[in-house]
Amino acid sequence: MLLWIIVLLAGLFGYFIYQAKEQYAYWQKRGVSGPRPVPVFGHLLEMSKLGMGKFDMSLTKKFGRISGYYDTAPLLMVSDPEMLKSVMVKDFSVFPNRRDFGLNGPILELSVSVIRDQHWKHVRNVLVPAFSSGKMRQMEPLIADCCKTMGVYLDKVAQSGEDLDIKQYFKRITMDVISSSFFGTKTDSQSNPDSPFVQNAMKVFDVGFFTPAFLVAFLAPKLTPYAKKLGMQLNPKAPLDYLVSTMREILNLRKKSGEVRRDFLQMMVKAMSENDSSKRSAVAPKEYEEEGPDVLSDTLSVEPSTQPQTTHQGHHVSRALTTEEVMAQSMIFLLAGFETTANTLTFLSYLLTANPEIQEKLRKEIQHRIGRDVQPTYDLVAQIPYLDQCINETLRLYPPATRTERECSQEWTWKNLTIEKGTTIGIPIYALHHDPEFWQDPETFDPDRFSEENKHKIIPFTFLPFGQGPRNCVGMRFAIYEIKMVIASLLQRYRLIPSSRTTPPIVQDLGLITPKNPLWIKLEKLD
Ligand code: HEM
């Protein structure tokens, strides 16, 4: 028995050595240089040691703006802005999708971030109008409500003189905003952080490089179909199942009671019932403004049994979304929108605390445009250019998504390099944002880079916090709106000051940049 185990392990090890050699040879044959993989672990050890963003930076430094390595597929890492423009915009039809790891689980595999080609176009076309400025104005009361609760809580903190861990606190606020706006449920996690919904929603993010599903996806991608059959998935199953069943209950309740809320769920459900996506772009979805009727008069009419319809060529045709698809979108909005926004708020607040003159300038702008006691609104926060500058500079230094990607759907040639169908193009957002060739003193926080006088100096496709092109972040406007509302409400009333425990953020980067340590600050209430 022992002998068999030794033979099996030796065989496996031999296979991994062979695989590493083959993978290294793949790009070498094509004249593209790149890092040599370590047998068994590929590039995972190096990535987990450096963090994904710094790993990508090291590639540019060692191998230039186009380098190649292999994980689930051949991956070409590109930090050449011209080439990125072609991949993300000009030749979008060749690169319409991201890679599908095949282990998303039964609901998330229907989310707009995972689905592909015609199916994606259809769902994205349904979603885009719900992020128009008109729709966001309609959601204003939900966000304003969360900001008011914030005021009550923070008054107490300021009065007590205690330190506040802004990282934890912003997680609660964004959880409240996202669940209220997208999930159709009020969590009140600011005062009830132990509710099962909040606890489960937080646990859904416990994803690491060394979980079984991740290891299968990256180190033995051929085994993915078997892992899927065994029920393996990238996000933890139990919290995801909890959220799915809660979502199902909310949808059923809405249908039964006829309750109508001014939230995104209502809008999406209305968009579902309209079944009119055929009227929209047949090529790539376009962002467009849609004021629409008052959502309060909308009715809920999701069709639970409708299955995606396809033509005989396998293309999805215009139809209402299914209940499962609606749930998938709510779920991805929670996953994609909660921590990204909370982390941006955290880093921005830290940077304002560490740079008091910038904080004062921003506060003056806010007080000048909005006033001191007026509740911020969508229209008011849109008129503070210095707020945009501070947010952009935070997103440059700490882009929540370190990297995005596109998958090549057919043979494609760039200059004298031809890449095959199935190749992944890695888009190293963090590395681009910290590249000294594109940004002077890249590690310095300087919101004036984005001022009216300076912004023309920014080279297109070197600042990509929300990606670019038709497959960019669908929640971008919502995220910026939320960040502006929270920061404006905060700076109107408080000064952020360092406490004895304030330390620069230590960043953890597994593809999503998060502050590892608590970020303590003090609040001083303004008279
Ligand atoms: C500061 C906050 C956020 C940042 C920095 C961010 C960043 C990104 C990035 C880089 C991508 C990939 C884009 C590409 O490949 O070109 C993305 C995709 C996406 N984001 Fe965001 N995001 C944020 C907030 C949100 C919010 C609030 C939502 C939803 C409410 C959201 C929903 C999505 C979805 C659904 C996708 C996939 C889109 C598709 O494949 O069509 N994100 N985001």
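Quick caveat, the model's predicted, so the values are computed rather than measured. (Residues numbered from 1 in each chain as written. Predicted model: local features only at pLDDT ≥ 70, side-chain atom pairs only at ≥ 80, totals over all residues.)

Burial runs high along strand β2 (residues 74–78): five of the five residues are buried. Of the two faces of β2, the one lined by P74, L76 and V78 and the one lined by L75 and M77 are each fully buried. Two strands pair when backbone bridges link them, and strand β1 (residues 66–70) and β2 are joined in this way by five bridges, in the antiparallel orientation. Pairing of I66 across the sheet is with V78, part of β2. Connecting β1 to the next strand, β2, in antiparallel fashion are three residues. As paired elements, β2 and strand β7 (residues 424–427) share three bridges and run parallel to each other. In the sheet register, L76 faces β7, and the bridge partner there is I425. (Buried ≥ 20, exposed ≤ 12 C-beta atoms within 10 Å, placed from the backbone. Helix = DSSP H or I, 4+ residues; strand = E, 2+ residues; numbered from the N terminus. Pairing = 2+ DSSP bridges.)

Let us look at the site of the ligand. Around the ligand lies a shell of 25 residues, among which G337, T404, G467, C473 and G475 are the nearest. At the level of elements, α13 (323–354) and α18 (476–493) are the ones that each hand at least two residues to the shell around the ligand. Here the shell around the ligand is built from residues that sort into 13 nonpolar, ten polar and two charged. (Near = placed C-beta within 6 Å. Nonpolar A, V, L, I, M, F, W, Y, C, P; charged D, E, K, R; others polar.)

Further remarks concern the packing of helix α11 (residues 237–257) against α13. At a minimum axis distance of 10 Å, the contact between α11 and α13 shows a crossing angle of 120°. Between α11 and α13, the angle falls in the class oblique. For the element pair α11 and α13, the recorded crossing hand is right-handed. Here L243, V244, M247, R248 and L251 of α11 come into contact with α13, specifically with T323, V326, M327, S330 and M331. (Axes fitted to C-alpha atoms, helices over the stretch in contact; angles between N-to-C directions. Parallel < 35°, antiparallel > 145°, perpendicular 65-115°, else oblique. Left-handed = near helix turned anticlockwise from the far one by under 90°. Contact = placed C-beta atoms within 7 Å.)

Attention now goes to the confidence of the model for the protein. On average, residues of the protein score 85 in pLDDT, and 89% of them reach the 70 mark or higher. Taken as a whole, residues 275–317 scores under 50 in pLDDT and shows 68 contacts with residues more than four places along the chain or in a different chain. Reported confidences for the modelled complex are a pTM of 0.89 and an ipTM of 0.99. (pLDDT = per-residue confidence, 0-100.)

To continue, consider unusual backbone geometry. At K415, a position not held by glycine, the phi torsion is positive, near 50°. Mapped onto the elements, K415 comes out in the loop between β5 (412–414) and β6 (417–419). K415 sits in the exposed class, given 9 other C-beta atoms within 10 Å. The phi dihedral of F461 is positive, around 70°, even though this residue is not glycine. Within the element layout of this structure, F461 appears in the loop between α17 (429–433) and α18.

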